[in-house]
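# Per-entry structural report
Below, each chain spelled out in residue letters.
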Amino acid sequence: TCDQFVRLLTDSGLLPPSDIATMRSQLANGQLPNDAQKLAQSLIHGGKLTKFQATALVRGKAKGLVINDYVILDKLGQGGMGVVYKAMHRQMKRLVALKMLPPTAVKSPDAVQRFHREVEAAAKLNHPNVVAAYDAGEYDGHFYLVMEYLAGIDLGALISQRGMLPVDSAIGFMLQAARGLEYAHRHG
């Protein structure tokens, strides 16, 4: 229902209380649709929510859309060591990539230790061919690492889209990766 959607939106912390109060008033006056799906679409079109956020709320999931000072905007990918989200730091207005250790891994002391080693290693690195680490922490029992956000696609997706790369492009990408790896290796 629309009431449940507004409750979840309030609980999520995505919008300030003043925006929620305005929205409730507009709902009461019939200025906004009284249907959760249509209200979500209206908030997307108004720039208040992203499609990812609205979909989560319509599905009844408000938890985890705000992680400390970071507002989750979209899911970028998922791997063995976590889920990576596109996020925005609330005060700095900086786009970041936020990697969360999956709930199953939190139960494994070895996985948590590996994640902490990754965080410490990332913090030591500052190189044009290595993604910068900005922050790390814990939220509601889940560990996260905040990194530089780079818009675009990864090399695997590029090759899937375009097929085999020209030799000079492939060599350029390999050199960039090798420089980053060499720098990381030199720093332990």
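Residue numbering note: each chain is counted from 1, following its sequence as written. For a predicted model such as this one, the threshold for reporting local features is a pLDDT of at least 70, and the threshold for listing and counting side-chain atom pairs is 80 or more; totals across whole chains, interfaces and linings nevertheless cover every residue. As a convention, hydrogens and water are excluded, and side-chain values are obtained from all of the structure's heavy atoms.

### What about helix H3 (residues 36–45)?
Formally: To sort residues, take the accessible area from a 1.4 Å probe on protein chains only and compare it with the maximum for the residue type: under 20% means buried, over 50% means exposed, and anything in between is partly exposed. In this text, helices come from DSSP runs of H or I with a minimum length of four residues, and strands from runs of E with a minimum of two, each type numbered from the N-terminal end. Each C-beta atom gives one direction from the helix axis, and the arc is the one those directions make. We call two residues in contact when some of their heavy atoms are within 4.5 Å. For the purposes of these results, a polar contact is taken to be a pair of N or O atoms within 3.5 Å, where, inside protein, one atom must be able to donate a hydrogen and its partner to accept one; residues adjacent in sequence count only when each atom of the pair is a side-chain atom.
Along H3, the residues that are buried comprise Ala 36, Leu 39, Ala 40 and Leu 43. End-on, the buried residues of H3 take up no more than an arc of 100 degrees, which puts them together on one face. Away from its buried face by more than 90 degrees, H3 exposes Lys 38 and His 45. Buried residues in H3 make contact with helix H1 (2–12), helix H2 (17–28) and helix H4 (51–58). You can read the cap of H3 off the contacts: a side-chain oxygen lies 3.2 Å from the backbone nitrogen of Gln 37, and it is on Asp 35. A positive backbone phi angle near 75 degrees is found at Gly 47, which sits one or two residues after H3.

### Comments concerning the packing of H1 against H4
Quick note on the threshold: Helix axes use the C-alpha atoms of the stretch in contact, all axes being lines fitted to C-alpha atoms, and the angles between their N-to-C directions lie in the range 0 to 180 degrees. Here roughly perpendicular refers to angles of 65 to 115 degrees, roughly parallel to angles under 35, roughly antiparallel to angles over 145, and oblique to all remaining angles. Crossings are classed by handedness, with left-handed meaning an anticlockwise turn of the near helix from the far one by less than a right angle and right-handed meaning a clockwise turn. Residues are grouped as follows: nonpolar covers Ala, Val, Leu, Ile, Met, Phe, Trp, Tyr, Cys and Pro; charged covers Asp, Glu, Lys and Arg; every other residue, Gly included, is treated as polar.
The geometry of H1 relative to H4 is characterised by a closest axis approach of 9 Å and an angle of 120 degrees between their N-to-C directions. Taken together, the axes of H1 and H4 are oblique relative to one another. You can see that H1 and H4 cross each other, and the crossing is right-handed. Each of Phe 5, Leu 8, Leu 9 and Ser 12 in H1 lies in contact with H4, whose residues at this interface are Ala 54, Leu 57 and Val 58. Considered class by class, the residues forming the contact of H1 with H4 number six nonpolar, one polar and no charged.

### Remarks on the packing of aromatic side chains
Each aromatic ring pair is described using two quantities: the centre-to-centre distance and the angle formed by the ring planes. Applied cut-off: Pairing of aromatic rings covers Phe, Tyr and Trp, the last counted by its six-membered ring, and requires centre-to-centre distances within 6.5 Å; plane angles under 30 degrees mean stacked, over 60 mean edge-to-face, and any other angle means tilted. Note on geometry: a ring has a charge over it if NZ (lysine) or CZ (arginine) is within 6 Å of the ring centre and within 35 degrees of the ring normal.
Counted under the stated rule, the structure contains two aromatic pairs. Look at Phe 52 and Tyr 85: their rings are 6.1 Å apart centre to centre, the planes differ by 55 degrees, and that puts the pair in the tilted class. With Phe 52 in helix H4 and Tyr 85 in strand E3 (residues 82–89), the pair connects residues that are 33 residues apart, well separated along the chain. Using a relative accessible area of 19% as the deciding quantity, one classes Tyr 85 as buried. With centroids separated by 6.2 Å and ring planes inclined at 70 degrees, the aromatic side chains of Tyr 70 and Tyr 144 adopt a geometry described as edge-to-face. Of the two residues, Tyr 70 is situated in strand E2 (residues 70–79) and Tyr 144 in strand E6 (residues 142–148); the sequence distance between them amounts to 74 residues. Sitting above the plane of the Tyr 134 ring, Arg 94 keeps its charged end 4.1 Å from the centroid.

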